[in-house]
Amino acid sequence: MPMSGYLKKLRNQVGNEMLVLPSAGVVIKDDAGRVLFGLHADRDLWVTPGGLIEPEEYPADAVVRETWEETGLIIEVTGVLGRSEEHTSELQSRFGISY
């Protein structure tokens, strides 16, 4: 997925300052226990579906939206798996919740 409109607007306002970006992701398993991964558009890396939490959006709603945008799947969140922190570059750091 390309950069969201919200992130573009934020980046235009703060320039090259460090951003801490709240994000949400999901682990989707099939009946055989296989996990769904997709190839990240910008980083040549296999990842689970997910992305940024938009302003005033609940994390669980964000992961449902991101999963639909990235895979076309409509999912139901059944619980929290964990949290993560990642410094993706000198310009941004992510704090995430996984479902």
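In this text the structure is predicted, and so the values were computed from the model without any measurement.

S.K.: Would you take a moment to explain the overall build of the chain for this structure?
M.R.: Along the backbone of the chain there are two helices and six strands. Along its sequence from the N terminus, the chain presents helices and strands in the succession α-β-β-β-β-α-β-β. Relative to the 2.2 N^0.38 estimate, which gives 13 Å for 99 residues, the radius of gyration of the chain is 14 Å and therefore close to what a compact globule would have. Taking all 99 residues of the chain together, the buried fraction comes to 24%. Sequence-distant contacts, at least 24 apart, represent 50% of the contacts inside the chain between residues at least 6 apart. When the 9 basic and 16 acidic side-chain charges of the chain are each reduced to a single mean position, those positions are 2 Å apart.

S.K.: How do you make sense of helix H2 (residues 59-71) when you look at a structure like this?
M.R.: Structural remark: α-helix, 3.6 residues per turn; residues separated by three or four positions point the same way. Here H2 spans 18 Å end to end across 13 residues, near enough to the 18 Å set by a 1.5 Å rise per residue. Within the span of H2, buried status applies to Ala62, Val63, Glu66 and Thr67. On an axial view of H2, the arc spanned by its buried residues comes to 130°, and they lie on one face. Tucked into the core, H2 has its buried residues touching strand E1 (19-25) and strand E4 (50-52). A positive phi of about 80° marks Gly72, the residue just after H2.

S.K.: What is the right way to look at the nonpolar core in this model?
M.R.: One recurring pattern in soluble globular proteins is that nonpolar side chains are buried together. Core analysis: the largest hydrophobic core is formed by eight residues, namely Ala24, Val26, Ile28, Ile53, Ala62, Val63, Ile75 and Tyr99. Excluding its chain neighbours within four sequence positions, the residues that come into contact with Ile53 are Pro22, Ser23, Ala24, Pro59 and Ala62. By size, the runner-up hydrophobic cluster in this structure holds five residues, among which are Leu7, Leu19, Leu21 and Leu52.

Thresholds applied
- By convention here, each chain's residues receive numbers from 1 onward along its written sequence.
- In keeping with the model being predicted, local features are shown solely for residues with a pLDDT of at least 70 and side-chain atom pairs are shown and tallied solely at 80 or more, while totals for entire chains, interfaces and linings include all residues.
- In computing side-chain properties, one takes all heavy atoms of the structure into account and sets aside hydrogens as well as water.
- Helix and strand definitions here come from DSSP, where helices need a minimum of 4 consecutive H or I residues and strands a minimum of 2 consecutive E residues; each element is numbered from the N-terminal end.
- Atoms considered for the radius of gyration are the C-alpha atoms alone. The globule rule reads 2.2 Å times the number of residues to the power 0.38.
- When accessible area is computed with a 1.4 Å probe and restricted to protein chains, residues below 20% of their type maximum are described as buried, those above 50% as exposed, and intermediate ones as partly exposed.
- A contact between two residues is defined here by any heavy atoms of the two lying within 4.5 Å.
- When charges are tallied, Lys and Arg are placed among the positive residues and Asp and Glu among the negative ones, while His and the ends of the chain are skipped.
- By convention, the point assigned to a charge is CZ for Arg, NZ for Lys, CD for Glu and CG for Asp.
- Between the first and last residue of a helix there are one fewer steps than residues, each counted as 1.5 Å, and that sum is the expected span.
- In this description, the arc belongs to the directions extending from the helix axis to the C-beta atoms.
- By nonpolar core we mean a set of buried residues, namely Ala, Val, Leu, Ile, Met, Phe, Trp, Tyr and Cys, connected to one another through side-chain atoms within 4.5 Å.

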